[in-house]
Amino acid sequence: MNVPLLDLKPQYAALKDEIQAAINRVCESQRFIMGPEVSGLEEELAAYCGVEYAIGVSSGTDALLLALMAAGVGPGDEVITTPYTFFATAGSIARLGARAVFVDIQSETFNIDPAGIEARLTPRTRAIIPVHLFGQCADMDPILQVAQKHNLYVIEDAAQAIGSEYKGRRAGSMGHVGCFSFFPSKNLGAFGDGGAVTTNDPELAERMRILRVHGAQPKYYHKLVGGNFRLDALQAAILRVKLKYLDSWTAGRQRNAALYNRLFTEMGLAGGPNPVLTLPFEAGDRGQLAHRRGAEAPFPGYRHIYNQYVLRVGPRRDALRAHLSERGIGNEVYYPVPLHLQECFAGWGYQPGDFPASETAAQESIAIPIYPELTETQIRTVAEAIADFFQHA
Ligand SMILES: *Cc1c(COP(=O)(O)O)cnc(C)c1O
């Protein structure tokens, strides 16, 4: 049985009539730029994320760029972030002529280690971008503390984390700006590119609204040099339909994760005397690294939304990938090359060995299918294929 890493067709099939109606509404209005669908989505997103303002933008990448522009980041500035993330996090810093100053991750959560931040601050540091990787929030309290102490912006890269919670607060509501992506493979996916920024600060909201339309306020009078960072009305109309179902999809992803955890534990692959896998770690209170695995109740106030379900499998990761791919089971490595080792950032002068936890994660981790519509049979098929690899290889 083939099990794709992600299949969006069952979700579309379930919502087809509603989505077609939303698309038709926009077609009939012939209003494609801004307008009521975009402002309607912005209100619904702000409520969902627990913030005052949400602003629809053209992609998650542009959300990051816009947030950094609104924070005044420019040539010569430094921005603290993690090297273990999607390219756009550091790419947007570089595009503004600034420099990414990387801080290694906590191996357990794959998120930036707050303890490493303060030592890397310089008089040029302007902002910190924690990334809520795979759908779990970074340990925000110590990050917010160090930012407040040194007067830095905190820009949350919440592209993978819509609806994720940390101590009862939602991703994108804790820093100065939250950045979201509606790329189709994200938990809330558009029919193309899209994104949003969130904030509780009315001045930042205003600046980002202006920067979104080439810095014009009013039209044709330019206070700032912005860009075309608008979200299409068609995408907004589709996203408004899908947002209503997001919590049920998150519950499906969590249910699938719990089933994998149970199966891998029962099969003796995780936990026990001879573990060959490390299950995804859910951080929780009593020190962020208190954790749970498997079927225990979630920590109150914490919510992992499982944009990805990522196992650690040690040095045989690539052989496992080949085994799964041969059997038609989707898998991926997020991410094979940490950003400090990307060719385009060679000018920043980082070396192999600079961030050992990120480098090890890049070598040992593998993502397997987790999308909400997976059947129990498909999940068992994936788990059995993994068990088979470790029994026979
Ligand atoms: C997807 C993603 C982005 C970029 O979003 P796009 O909408 O694809 O531009 C940025 N950061 C992270 C962590 C992402 O996963």
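This text goes with the structure placed above it.
Residues numbered from 1 in each chain as written. Predicted model: local features only at pLDDT ≥ 70, side-chain atom pairs only at ≥ 80, totals over all residues. Heavy atoms only, no water.

(A) Region of the structure containing the packing of aromatic side chains. Tallying each qualifying case throughout the model produces 18 aromatic pairs. Centre to centre, the rings of Phe 110 and Phe 134 are 5.3 Å apart; their planes meet at 75 degrees, and the pair counts as edge-to-face. Separated by 24 residues along the polypeptide, Phe 110 in the loop between β3 (99-102) and β4 (125-129) and Phe 134 in the loop between β4 and α5 (140-150) bring together distant segments of the chain. Owing to a relative accessible area of 7%, Phe 110 belongs among the buried residues under this scheme. Its relative accessible area of 3% is what places Phe 134 among the buried residues. Here the aromatic rings of Tyr 334 and Tyr 335 are separated by 5.5 Å at their centres, their planes lie at 70 degrees, and the arrangement is edge-to-face. Classification of Tyr 335 by relative accessible area gives buried; the value is 13%. In textbook terms, an aromatic cluster arises when at least three aromatic residues are bridged by ring pairs, as seen for Tyr 84, Phe 86, Phe 110, Phe 134, Tyr 334 and Tyr 335. The positively charged end of Arg 170 is found above the aromatic ring belonging to Tyr 48, 4.6 Å away from the centroid. (Phe/Tyr/Trp six-rings, centres within 6.5 Å; stacked < 30°, edge-to-face > 60°. Helix = DSSP H or I, 4+ residues; strand = E, 2+ residues; numbered from the N terminus. Buried < 20%, exposed > 50% of the residue type's maximum accessible area, 1.4 Å probe, protein only. Lys NZ or Arg CZ within 6 Å of the ring centre and 35° of its normal.)

(B) Looking closely at the sheet that holds β3. Ordered by their spatial adjacency, 7 strands build an open sheet running β1-β9-β8-β5-β4-β2-β3, and the pairing between neighbours is mixed. If you trace the sheet from one side to the other, it starts and ends with β1 (53-57) and β3, each paired once. When the angles between neighbouring strand axes are averaged without regard to direction, this sheet yields 25 degrees. As defined by bridge partners, β4 adjoins strand β5 (residues 153-157) across 2 bridges and the pair is classed as parallel. Residue pairing across strands places Ala 127 opposite Tyr 153, the latter belonging to β5. (Pairing = 2+ DSSP bridges. Axes fitted to C-alpha atoms, helices over the stretch in contact; angles between N-to-C directions.)

(C) Representation of the nonpolar core within the structure. Judged by nonpolar contacts, the single largest core of 86 residues is most densely connected at Ile 117, Ile 155, Ile 162 and Val 197. Viewed by domain, this core spans two of them, domain 1 (9-104 + 112-243) and domain 2 (246-391), each represented by three or more residues. Apart from the residues lying within four places of it in its own chain, the contact partners of Ile 162 are Leu 45, Tyr 48, Cys 49, Phe 180, Phe 182, Asn 187, Leu 188, Leu 246 and Ile 305. In this structure, Tyr 309, Ile 366, Ile 368 and Ala 383 belong to the second largest nonpolar core, which totals 30 residues. (Core = buried A, V, L, I, M, F, W, Y, C linked by side-chain atoms within 4.5 Å. Domains from an automatic or database assignment. Contact = heavy atoms within 4.5 Å.)

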